[in-house]
Amino acid sequence: VRVAIDPGRCQGHGRCYELAPEVFTDDDSGYGTVLEPEVPAEHAAQTREAQNVCPERAISIAD
Amino acid sequence: MSFLLTTDVEGGRKLTESEVLRILFLLLAAGLDTVTISLECIVNYLVEHPEARQMLVDDPDSMDGLIEELLRWESPVMGAAARRATRDTELSGCPIPAGTLVLPSLAAANLDPDVPGSQQVDLRRRDKSHLAFGGGPHRCLGSHLARMELRVVLREWHRRIPEYRLAPGVTVEWTPSSLRGIDSLPLVWDVDGGNR
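Structural notes, computed from the coordinates.

Analysis parameters
- Residues numbered from 1 in each chain as written.
- Chains lettered and ligands numbered in written order.
- Predicted model: local features only at pLDDT ≥ 70, side-chain atom pairs only at ≥ 80, totals over all residues.
- Heavy atoms only, no water.
- Helix = DSSP H or I, 4+ residues; strand = E, 2+ residues; numbered from the N terminus.
- Buried < 20%, exposed > 50% of the residue type's maximum accessible area, 1.4 Å probe, protein only.
- Contact = heavy atoms within 4.5 Å.
- Phe/Tyr/Trp six-rings, centres within 6.5 Å; stacked < 30°, edge-to-face > 60°.
- Patch = residues over 30% accessible without salt bridge, like charges linked within 9 Å, V, L, I, M, F, W, Y side chains within 5 Å.
- Areas by Shrake-Rupley, 256 points an atom, 1.4 Å probe, with all protein chains shown as cover.
- Salt bridge = Lys/Arg side-chain N within 4 Å of Asp/Glu carboxyl O.
- Axes fitted to C-alpha atoms, helices over the stretch in contact; angles between N-to-C directions.
- Parallel < 35°, antiparallel > 145°, perpendicular 65-115°, else oblique.
- Nonpolar A, V, L, I, M, F, W, Y, C, P; charged D, E, K, R; others polar.

## Some points on the side chain of Glu49(A)
Then comes step 1: Mapping Glu49(A) onto the fold places it in helix 2 (residues 44–53).
Then comes step 2: Residue classification places Glu49(A) among the buried residues on the basis of a relative accessible area of 18%.
Then comes step 3: Dropping the residues within four chain positions of it, Glu49(A) is found in contact with Leu19(A), Arg126(B) and Lys128(B).

Okay, structure coming up:
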């Protein structure tokens, strides 16, 4: 799957990189960023969970 | 505090003494009773729901999810900071003229009846996108610290005191405030050699 964070929506809640540190990390200001847009299958479930916990609905996933 | 005194803002100037004092006041006001009332809400829930307490004791990994769900369900901080409408607008059919102060209810959003399952507690809920810390550009900046504090307290408490209950004869009284807390929550637990 491919994952992206909309920087216009992200407010730095930090839920994604706490839940799925293999997929997301924080930038210098604490906002979420994607480590590698192409997510391997073994991390797909975590990525979807991160999408679920984002209060700003900033994470989009394309299969 | 050292950082506030030495950091540059707005292209090179230092924060004024007034700005530093106001930031520190906000840190104190926003970071003190919010975490303690959250603990009051969560511990009181665990007192009322021994099966939830037991889940936490038997499966410490369930703690993060339990905290998130109880932050949603209890909504210790019931309202977000007020916003002022910058233009005439409308929210769910309610007209809001420009200049009006709006006090959004985080508790109402967290229990939105249009969201399936929102009216029940599900300590293993997958959707944890609650608004207990608000949302948007003015979301709670201290949420990371608050979560860490809640986890440390609940983990260490239950490691040492896995079983406890409300002291006999006590009626829990909630404080009448937009910060839902309990002034006094006397607990008792068994120790070797008798009751304490």
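## Comments concerning the packing of aromatic side chains
Residues and elements named next belong to chain B.
Then comes step 1: If you walk through the whole model with that rule in mind, you get two aromatic pairs over all chains.
Then comes step 2: Here Trp 157 and Tyr 164 contribute two aromatic rings whose centre-to-centre distance is 5.7 Å and whose plane-to-plane angle is 85°, an arrangement assigned as edge-to-face.
Then comes step 3: The class for Trp 157 is partly exposed, based on a relative accessible area of 27%.
Then comes step 4: Between Trp 157 and Trp 189, the ring centres sit 5.5 Å apart and the planes meet at 80°, which makes this aromatic pair edge-to-face.

## Here we look at a nonpolar patch on the surface
Then comes step 1: Together, Leu145(B), Met148(B) and Val152(B) make up a nonpolar patch on the protein surface, roughly 270 Å² of accessible area in all.
Then comes step 2: For Met148(B), a relative accessible area of 49% gives the class partly exposed.

## Looking at the packing of helix 2 (residues 17–31) of chain B against helix 3 (residues 33–48) of chain B
Residue and element names in this part refer to chain B.
Then comes step 1: Running from amino to carboxyl end, helix 2 crosses helix 3 at an angle of 5°, the nearest separation of the two axes being 4 Å. With respect to helix 3, the axis of helix 2 lies roughly parallel. Here Ala 29, Ala 30 and Gly 31 of helix 2 come into contact with helix 3, specifically with Asp 33, Thr 34 and Val 35.
Then comes step 2: Split by residue class, the contact of helix 2 with helix 3 holds three nonpolar, two polar and one charged.

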